[in-house]
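These are the residues of each chain, in order.
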Amino acid sequence: MSARKVVLIPGDGIGPEIAEATKDVISASGAKIEWVIRRAGVSAIEKYREVLPEVTLDAIREHKVALKGPCTTPIGEGFSSANVELRKKLDLYAAVRPVRSIEGVRTRFSDVNIVIVRENTEGLYSGVENTVSPGVVMSMKVATERACERIARWGFEYARKRDRKKVTVFHKANIMKITDGLFISKAREASEQYPDIEYEEYIIDAGCMRLVQDPGMFDTLLLENLYGDVMSDLCAGLVGGLGVVPGANIGNEYSVFEAVHGSAPDIAGLEIANPLALIMSAVMMLRYLADSEGREDMREAADKIKTAYNIALSNGDKTRDLGGNLKTADFARVLIQNILKI
């Protein structure tokens, strides 16, 4: 098969280092990817004077799929977040964060296998704020029938495709009866179309208590924007942190797969950053290409990479943040060696 062009946004700080390691691992897996390199974040400001230049957006619109490293947004300089701009301008309405326990990464729990599906475009993150009077400000929570309906349908469809058994909504409809009420009403409607998938609801504070008591009781979480943002990082903490979880932002036309941790400028250039989250996000991307385009070669490559990092972690081959001593490129080389043995 011919090579599939994919946009690569290395990002800032440790981004270029982990992106290079990820490219090497993907190449070793046999996946035929031709990278189209574009910029976002601080590196884009230096050249284009904006965090998300049109040339980057145009490349994603042309090739449909991107892999993105962590990007920095300067604080207090009037720049918006590159991540937020990507979601808005490409209508990437579904944020997906798979979180699972990994052998070799010790945590309090060993049976976590949760996918967080988060509505990505509205809620309090719509940014509708104003000053009502001196000393009084207001932020508006926006919910639309269209957005609630499509994320609910997307979440159930994802669960079915991935052979997951249950969808749980966390909400606060007992207080926010209209906004959260709309969200759960559309989730309930969607659940009726998927009788093979169990559906349940929790008020979010009670749901959080249940989650930290026994994360094994949850499967797929369906959440509005703010709740999904918080729960994504909380669940990552159950399995070892943001360095061991992938992420994706998906719309009807375009998809961006990304490491969800920060750019860590304090360790940039030291070659000690963990590339695993970006590698795992690349595995998600390869599976997405396999599902959406029938590229079984991508699925085979994804399986090889996942097996390779599972073997590495269980053998104790880890970067410093996980208790090991491997540098960024060394970890990539271990994965490559494992791939070649598969």
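The structure displayed is predicted, hence computed values, not measured ones.

(A) How the structure looks around the sheet that holds strand β1 (residues 4-9). Strand order across the open sheet formed by 10 strands is β2-β1-β3-β12-β11-β4-β5-β10-β8-β9, with mixed pairing between neighbours. Across the chains shown, the open sheet's two edge strands, defined by having one partner strand only, are β2 (33-37) and β9 (198-203). Direction aside, neighbouring strands of the sheet carry axes that sit 25° apart on average. Both β1 and strand β3 (residues 65-68) contribute to a ladder of three bridges, which runs parallel. Its bridge partner being in β3, Val7 is matched across the sheet by Ala66. The sheet contacts of helix α3 (residues 54-63) involve β1, β2, β3 and β12 (255-259), and relative to β1 the element is tilted by about 155°.

(B) Highlighting the nonpolar core. Within the largest apolar cluster, 89 residues are counted, with the highest numbers of intra-cluster contacts made by Ile33, Leu222, Leu286 and Ile305. Among the elements that take part in this core, helix α9 (residues 276-293) stands out by supplying 12 residues, more than any other. Leaving out residues up to four positions away in the same chain, Ile305 has contacts with Val25, Ile26, Ser29, Ile279, Val283, Leu286 and Ile339. Judged by nonpolar contacts, the second largest core, of 18 residues, contains Ala59, Ala82, Leu86 and Leu90.

(C) Inspection of helix α8 (residues 225-239) at higher detail. With 15 residues, α8 should cover 21 Å at 1.5 Å per step; its first-to-last C-alpha distance of 22 Å lies within 8% of that length. Turning to α8, its buried residues number three or more, namely Asn225, Tyr227, Gly228, Met231, Ser232, Cys235, Ala236, Leu238 and Val239. Projection of α8 onto a plane perpendicular to its axis shows the buried side chains occupying an angular sector of 160°, all on one side. If you check the start of α8, you find a side-chain oxygen 3.0 Å away from the backbone N of Leu226, and it comes from Glu224. After α8 finishes, the residue Gly240 shows a positive phi value of roughly 125°.

(D) Local environment of the pattern of salt bridges. Scanning all chains against the criterion turns up 27 salt bridges. For the salt bridge of Lys186 with Glu145, the shortest nitrogen-to-oxygen distance reads 3.0 Å. With a gap of 41 residues between them, Lys186 in helix α6 (residues 179-192) and Glu145 in helix α5 (residues 145-161) connect regions that are remote in the sequence. Assessed through its relative accessible area of 9%, Lys186 is described here as buried. Of the charged contacts in the structure, one is a salt bridge between Glu200 and Lys166, with a shortest N-O distance of 3.4 Å. With a gap of 34 residues between them, Glu200 in strand β9 and Lys166 in strand β8 (residues 166-171) connect regions that are remote in the sequence. Taking relative accessible area as the criterion, Glu200 reaches 16% and is therefore assigned buried.

(E) How the structure looks around a nonpolar patch on the surface. Taken together, the side chains of Val128, Val132, Val136, Met138 and Met140 define a hydrophobic patch exposed on the protein surface, amounting to about 390 Å² of accessible area. The set of elements that each furnish at least two residues to the nonpolar patch consists of β6 (123-133) and β7 (136-142). When residues in the nonpolar patch are grouped by element, the largest group, three residues, is from β7. Mapped onto the secondary structure, Val136 falls in strand β7. Take Val136: its relative accessible area is 38%, and that puts it in the partly exposed class.

What counts as what
Residues numbered from 1 in each chain as written. Predicted model: local features only at pLDDT ≥ 70, side-chain atom pairs only at ≥ 80, totals over all residues. Heavy atoms only, no water. Pairing = 2+ DSSP bridges. Helix = DSSP H or I, 4+ residues; strand = E, 2+ residues; numbered from the N terminus. Axes fitted to C-alpha atoms, helices over the stretch in contact; angles between N-to-C directions. Contact = heavy atoms within 4.5 Å. Core = buried A, V, L, I, M, F, W, Y, C linked by side-chain atoms within 4.5 Å. Buried < 20%, exposed > 50% of the residue type's maximum accessible area, 1.4 Å probe, protein only. Expected span 1.5 Å × (residues − 1). Arc of directions from axis to C-beta. Polar contact = N/O pair within 3.5 Å; in protein donor to acceptor, adjacent residues only side chain to side chain. Salt bridge = Lys/Arg side-chain N within 4 Å of Asp/Glu carboxyl O. Patch = residues over 30% accessible without salt bridge, like charges linked within 9 Å, V, L, I, M, F, W, Y side chains within 5 Å. Areas by Shrake-Rupley, 256 points an atom, 1.4 Å probe, with all protein chains shown as cover.

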